[in-house]
Amino acid sequence: MPRTAAIERNTKETKIKMELHLDGAGKSDVQTGIGFFDHMLEGFSKHGFFDLTVRVNGDLEVDGHHTVEDTGIVLGTAIREALGDKTGIKRYGSFILPMDESLCLCAVDLCGRPYFSFDCAFQTERVGDLDTALVREFFYAVSYSAGMNLHLKMISGGNAHHMIEAMFKAFGKALDEAVSYDPRVKGVLSTKGALA
C-alpha cells in the first residue's frame, strides 16, 4: 500500500494543504510565502526521497510564526498518518550531515511518544525572509504532531544559512532511514508490541 497522506488545516491564521508520499523520489512543489522556508522544505524532500506538495496561505502581514509553526504541525500529522501502524519499519534513524563549516546531527525515533531536543544557537536573527527563531518552533511542531522523538544538535556551525540547511537535510536523511522497511522486523520493532 502506498504510504501517503493528504492533510488540510484551516484556522484564522493559516490555510494549509499538504500531500506527502514517503516512498517517493524527492519531488517537491512548495509555496509557503517564505522563500527560504520553501527552499528548506525542498531540501528535506529531496534528500529524504519524499514527494511533498505544500500550499500555505498565512498571516505574513503579522510575521512568519504561524506559517512556519502550522506547517510543522501539518507535516508532523502527515508523517504520522502516512506511516499507518508502522509495521516493518526500522523505527530509528540518524544522520550527521556536513554543510561547509556546519555539522549537524539528527536522530529520530518513531516511537509514538513526542520528545524534542534542540541544541543550536544562531548568531543572526534572519536568513532571507525567515526568522531563525522559528526553526526550533518548526521542528518542535513536527515532533509533537508526528509523535516522534527528535534530536537536533549543531556540532559546529557559523553561517546560519548553512546551519539551517544542514538541519533540514539531516532530518530528511534520518527520517528516510527511520521509515524504511527492514525484512527482519516482524510486526513493529517494540517489546511492547506497539509504536503508539
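Scroll up to find the structure.
Q: Would you mind showing me how to read the sheet that holds strand 2 (residues 14–21) here?
A: Here we have 4 strands laid out as an open sheet, ordered 1-2-4-3, and mixed in their pairing. Where the open sheet ends on each side, the last strands, each with one partner, are strand 1 (4–10) and strand 3 (28–31). Strand after strand, the sheet turns through a mean of 5° between neighbouring axes, direction not considered. Here 7 bridges tie strand 1 to strand 2, and the two strands are oriented antiparallel to one another.

Q: Can you walk me through unusual backbone geometry in this structure?
A: Peptide bonds are trans in most cases, and residues, glycine excluded, mostly fall at negative phi. Residues other than glycine seldom take positive phi values, yet F49 does so here, at roughly 60°. With respect to the element layout, F49 can be found in the loop between helix 1 (35–48) and strand 4 (51–58). Unusually for a residue other than glycine, R91 sits at a positive phi of about 80°. Position of R91 relative to the elements: it lies in the loop between helix 2 (65–83) and strand 5 (92–99). Residue R91 is classed as buried on the basis of its relative accessible area of 9%.

Q: It is not clear to me how the pairing of strand 3 should be interpreted in this structure. Could you clarify?
A: On a regular strand, one side chain projects to one face of the sheet and the next to the other, so that they alternate. Examined bridge by bridge, strand 3 and strand 4 share 4 bridges and lie parallel to one another. Within strand 4, the residue paired with Q31 across the bridge is R55. With helix 1 bridging strand 3 and the parallel strand 4, this β-α-β connection has left-handed handedness.

Q: Explain the sheet that holds strand 6 (residues 102–109) here, please?
A: Ordered by their spatial adjacency, 4 strands build an open sheet running 5-6-10-7, and the pairing between neighbours is mixed. Single-partner strands in this sheet number two, and they are strand 5 and strand 7 (115–119). On average, each strand axis in the sheet is inclined to that of its neighbour by 10°, with strand direction left out of account. Bridge analysis of strand 6 against strand 10 (residues 149–156) gives 7 bridges, and the strand direction is antiparallel. When the sheet's bridge partners are listed, A107 is paired in strand 10 with H151. The sheet contacts of helix 3 (residues 133–146) involve strand 7 and strand 10, and relative to strand 7 the element is tilted by about 160°. Packing of helix 4 (residues 160–179) onto the sheet brings it into contact with strand 5, strand 6, strand 7 and strand 10, and relative to strand 5 it is tilted by some 150°.

Q: Even after reading the chapter, I still don't get the packing of helix 2 against helix 3, so can you show me in this structure?
A: If you want to describe how two helices pack, look at the angle between their axes and the distance between the axes. The geometry of helix 2 relative to helix 3 is characterised by a closest axis approach of 7 Å and an angle of 30° between their N-to-C directions. It follows that helix 2 is roughly parallel to helix 3 by the angle criterion. Between helix 2 and helix 3 lies a crossing of right-handed hand. Across the interface between the two elements, H65, V68, E69, T71, G72, I73, L75, G76, T77, I79 and R80 from helix 2 touch L134, E137, F138, A141, V142, S145 and A146 from helix 3. Partitioned by chemical class, the residues of the contact of helix 2 with helix 3 number 9 nonpolar, 6 polar and 3 charged.

Reading the values: rules and limits
Residues numbered from 1 in each chain as written. Predicted model: local features only at pLDDT ≥ 70, side-chain atom pairs only at ≥ 80, totals over all residues. Heavy atoms only, no water. Pairing = 2+ DSSP bridges. Helix = DSSP H or I, 4+ residues; strand = E, 2+ residues; numbered from the N terminus. Axes fitted to C-alpha atoms, helices over the stretch in contact; angles between N-to-C directions. Buried < 20%, exposed > 50% of the residue type's maximum accessible area, 1.4 Å probe, protein only. Right-handed = clockwise from strand over helix to strand, strands pointing away. Contact = heavy atoms within 4.5 Å. Parallel < 35°, antiparallel > 145°, perpendicular 65-115°, else oblique. Left-handed = near helix turned anticlockwise from the far one by under 90°. Nonpolar A, V, L, I, M, F, W, Y, C, P; charged D, E, K, R; others polar.

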